[in-house]
Each structure stands twice: as C-alpha cells, then as structure tokens.
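Fold and geometry: a report
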Amino acid sequence: QNFSLGLSQRGAAHLKCTCLCEPTDSMRSPPSKGHQQQLHTSPGEPQAHELLAFYKNRVDEFEQEREALLRSVERTGVQAADLHRLDWENRRRADEVRELQKALSDAHAFLFEERQRLLTLQAENDELRLQEIEDRKRIQQLISRDPGSLPHQPAGLHSYSTDALLLKVESLQAQLNEQRQLAGE
C-alpha cells in the first residue's frame, strides 16, 4: 500500500474535520515541509510509517474527544433524570401541602362551629338558671300569700332576685368574652 498523500489532499482532509473542542497542536499541523517534500520525492517505508503514526495520533485524539463528549452526554442524562425525579417529588409534596391546608381549614371551621355551639349551650344553661331562680321566687311569693300551706318559709326573698341579676350579668359577660375570643381568631 502506498500511504503518500499530497499536501493538498492532507490539507483538505484536515479542513473537513469539524469538532467541538479546541484542536491540539498535532491536529493543526500536518508533518513538516521537509517531511512533505520527502513524501513527494520518495514514497518509501519511513515516510509511510510517519504518516501512519500522524493519522493514528489524530484518530486517538478524536477517540479521546469522543469519549469525553459521551461522558458529558451521560452526565446530562443523569442530570435530566434527577431533575425529573425532583420535579415529581416537588409535585407530590405540593399535593400533600394542599391536602394538609384543606384539612387544617376544615378543622378550623369545625372548631369554630363547636365553639359557637358551646356558646349557645352556655347561654341556654344560663337562661335555665335564671328561669330556675325566677321559678323559686314565684314559689316563695306563692308561699308567702298562703302562710298556712307550708310549715317552714325560707328567709331572704330579696336575695333570690339579686342572685338572679348577678347570675345574668355574669352570664352575659362570659358570653361577651367568648365572642371576643372568637372574633379575634
């Protein structure tokens, strides 16, 4: 086989090469002019060996560049997979946050309803206590009209009406405080 090429053929082969990385010194320059003249003048074995070594060196450099590019592509693929996994994890956690916020909102609504129900029951309880005091007052008035019907009359008829008013004031104050707390929340 004859490996001798003219300068124009090797130069054209060198110009056709397009790569993504910066060419090395051995890529930029083919064998020296003295070497080129020897190739044109005598196509012997030493010139073919040097030319073969030059192109083997170029092939090795291109293989190294190719391996570096493949590693870069592989790293990019791993980064894309990590990005996809992180995006999925982010979506899942965002869904969990929305569910927890909804549960918290529902719990707040339930708590508000229960507090309203508690206030209603407390007000109803206070009303029943007042009614009990009023009923006792009426019973005492009925007993005082007919002193012979009962052997023993409790003293302090006025204390029942005063107690009723104090209980009513306490009840209203408690309801007002509870309403203020609910409004503050």
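Computed from a predicted structure; not experimentally measured. (Residues numbered from 1 in each chain as written. Predicted model: local features only at pLDDT ≥ 70, side-chain atom pairs only at ≥ 80, totals over all residues. Heavy atoms only, no water.)

**A look at the packing of aromatic side chains**
Where we set the bar: The pairing test for Phe, Tyr and Trp rings, Trp by its six-membered ring, is centres within 6.5 Å, and the orientation test on the planes gives stacked under 30 degrees, edge-to-face over 60, and tilted for anything in between. In this scheme, a residue with accessible area under 20% of its type's maximum is buried, one over 50% is exposed, and one in between is partly exposed, where area comes from a 1.4 Å probe on protein chains only.
Using the criterion set out here, one finds 1 aromatic pair in the structure. Note on Phe-54 and Tyr-55: the rings are 5.0 Å apart at their centroids and 75 degrees apart in plane angle, and the pair reads as edge-to-face. Judged by its relative accessible area of 26%, Tyr-55 is partly exposed.

**Section: the environment of Arg-129**
The criterion, for reference: Secondary structure counts use DSSP, requiring at least four H or I residues in a row for a helix and at least two E residues in a row for a strand, with both numbered from the N terminus.
One can find Arg-129 in helix H4 (residues 45-145). Sequence separation between Arg-129 and Lys-168 is 39 residues; the distance between their C-alpha atoms is 8.8 Å.

**What about the pattern of salt bridges?**
The test is simple: Salt bridges are identified by distance alone: a Lys or Arg side-chain nitrogen within 4 Å of an Asp or Glu carboxyl oxygen.
On inspection of all chains with the given rule, the structure shows 10 salt bridges. Residue Arg-98 is joined to Asp-95 by a salt bridge in which the shortest nitrogen-to-oxygen separation is 2.1 Å. Residue Arg-98 and its partner Asp-95 are located together in helix H4, separated by 3 residues, close to a single helical turn. Looking at Arg-98, the relative accessible area reads 48%, which means it is partly exposed. Since its relative accessible area comes to 36%, Asp-95 is described here as partly exposed.

**So, the confidence of the model for the chain**
Heads up, the rule is: In predicted models, pLDDT denotes the confidence assigned by the predictor to each residue on a 0 to 100 scale. Throughout, a contact is declared for two residues whenever any of their heavy atoms are within 4.5 Å.
For the chain, per-residue confidence averages 76 on the pLDDT scale, and residues scoring 70 or more make up 66% of the total. Across the chain, the element-wise mean pLDDT spans from 40 in helix H1 (residues 7-16) up to 91 in H4. Segment residues 1-21: pLDDT under 50, and 28 contacts once partners within four positions in sequence are set aside and those in other chains are kept. Across residues 35-41 the pLDDT falls below 50, and counting only partners more than four positions away or on other chains, this stretch makes 14 contacts in the model.

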